[in-house]
Amino acid sequence: MLGHARLVLAWAFIAVQSGTALKTEVLRAAEVEDAFVALHVKLHSTVAGLREQFNNNNGELRQAPVLPLLGKFQHGLERLLSDTMYTKDRRAALAELRSADASVQRLISSYSTWEASRRSHSLSTDSGILLEVAKVATSLETQLSQMKKAFQARKYSNEKRLKALRILVSASATKSNKDALHREEKYINELSAKRSKQFTKIRSVLDAVNNKDSKLLFGFVRAVHDATVSKDLHAMAMQ
């Protein structure tokens, strides 16, 4: 009888421990979800703040030398938010969001301190800023390489078409054939000029990062900082 009572107590103890463990796991899952949502809203607000700056001041930022770097940074955040929005593994997604948030904080911490001191001292470019800007620049350089390869493939295809049209015009110089040749030549020239300008602008930014250009770094950090303090009404929809 005593042995049976001990067995019942043992099973009761195991049941209580299992229930407690399960409850703890549920609470932890709820905490992960809360942290996930909070960081999603926070980073979404930063993205929206950057968009707002691109559209304000008559689009002045869109003409600024730092634009390709800021655009790459924004797109990186947008992709992360999109990739993690509906993921089932919230813990892994939370780790990625925390990493992105830490990157943002490393970029803006010195600027925030400088602003809080009412700009009483010179703003220096610390190792955290250089590290994060270098990461964005590396990603941008990879993109530039891919863009150049895609352009060369497209240009090769267009030049083959242009050659065929020239042969056609040589054989039959009708208005229709000559007009088609003219359109193709104009298209290739305009595309080449556009891509050349785009590539030059990106390369200029990358060179400035490599040279630790203080003006460009300041413009980048300031834009990211201002984006983090910008009010984003759309982010409230996530809450």
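Residues numbered from 1 in each chain as written. Predicted model: local features only at pLDDT ≥ 70, side-chain atom pairs only at ≥ 80, totals over all residues. Heavy atoms only, no water.

Undergrad: A description of the packing of helix H5 (residues 127–171) against helix H7 (residues 214–228) should follow, citing residues and the corresponding values.
TA: For the pair H5 and H7, interaxial distance at closest approach is 11 Å and the crossing angle is 90°. When the axis of H5 is compared with that of H7, the two are roughly perpendicular. For the pair formed by H5 and H7, the contact residues are Ile-129, Leu-130, Val-133 and Val-136 on the first element and Leu-217, Phe-220 and Val-221 on the second. Its residues assigned to classes, the contact of H5 with H7 comprises seven nonpolar, no polar and no charged. (Axes fitted to C-alpha atoms, helices over the stretch in contact; angles between N-to-C directions. Helix = DSSP H or I, 4+ residues; strand = E, 2+ residues; numbered from the N terminus. Parallel < 35°, antiparallel > 145°, perpendicular 65-115°, else oblique. Contact = heavy atoms within 4.5 Å. Nonpolar A, V, L, I, M, F, W, Y, C, P; charged D, E, K, R; others polar.)

Undergrad: Can you lay out the side chain of Gln-74 for me, pointing to particular residues and giving the numbers?
TA: Locating Gln-74 in the fold gives a position in helix H3 (residues 67–85). Polar side-chain contacts of Gln-74 include one of 2.9 Å to the side chain of Glu-78. Here Gln-74 is in contact with Val-47, Leu-50, Arg-51 and Phe-54, once residues within four sequence places are set aside. (Polar contact = N/O pair within 3.5 Å; in protein donor to acceptor, adjacent residues only side chain to side chain.)

Undergrad: Any chance you could break down the nonpolar core for me, citing the residues and the numbers?
TA: Core analysis: the largest hydrophobic core is formed by 48 residues, its most contacted members being Val-66, Leu-69, Leu-70, Phe-73, Val-133, Phe-220 and Val-224. Sorting the residues of this core by element identifies helix H1 (2–55), H3, helix H4 (90–116), H5, helix H6 (175–210) and H7 as the ones contributing at least two each. Residue contributions to this core peak at nine residues, all from H4. Not counting residues within four places of it along the chain, the set of residues in contact with Val-66 comprises Leu-61, Leu-216 and Phe-220. Among the nonpolar cores identified, the runner-up in size contains six residues, and Leu-165, Val-169, Leu-181 and Ile-188 belong to it. (Core = buried A, V, L, I, M, F, W, Y, C linked by side-chain atoms within 4.5 Å. Buried < 20%, exposed > 50% of the residue type's maximum accessible area, 1.4 Å probe, protein only.)

Undergrad: Give me the lowdown on the side chain of Gln-53, citing residues and values where you can.
TA: Take Gln-53: it is sitting in helix H1. When residues no more than four places from it in sequence are discounted, the contact partners of Gln-53 are Leu-61, Ala-223, Asp-226 and Ala-227.

Undergrad: Which residues make up unusual backbone geometry, and what are the values?
TA: Its identity is not glycine, yet Lys-212 carries a phi of approximately 55°, on the positive side. Looking at the element boundaries, Lys-212 is found in the loop between H6 and H7. Classification of Lys-212 by relative accessible area gives exposed; the value is 54%.

Undergrad: Quick one: what's the story with H7, residue by residue and with numbers?
TA: Compared with an ideal rise of 1.5 Å per residue, which puts 15 residues at 21 Å, H7 spans 21 Å between its outermost C-alpha atoms and is within 8% of the ideal. Of the residues making up H7, those classed as buried are Leu-216, Leu-217, Gly-219, Phe-220, Val-221, Ala-223, Val-224, His-225 and Ala-227. Two or three places before Lys-215, at the opening of H7, Asp-213 has a side-chain oxygen 3.0 Å from that residue's backbone nitrogen. (Expected span 1.5 Å × (residues − 1).)

Undergrad: An account of the packing of aromatic side chains is requested, with residue identities and associated values reported.
TA: Applying the stated criterion across every chain yields a total of five aromatic pairs. Residues Tyr-111 and Trp-114 carry aromatic rings whose centres are separated by 5.3 Å and whose planes lie at 65° to one another, so their mutual orientation is edge-to-face. On the criterion of helical spacing, the pair formed by Tyr-111 and Trp-114 is a turn pair, its members being three residues apart in helix H4. Centre to centre, the rings of Trp-114 and Phe-218 are 5.8 Å apart; their planes meet at 85°, and the pair counts as edge-to-face. Highlighted residues: Trp-114 in helix H4 and Phe-218 in helix H7, separated in sequence by 104 residues. (Phe/Tyr/Trp six-rings, centres within 6.5 Å; stacked < 30°, edge-to-face > 60°.)

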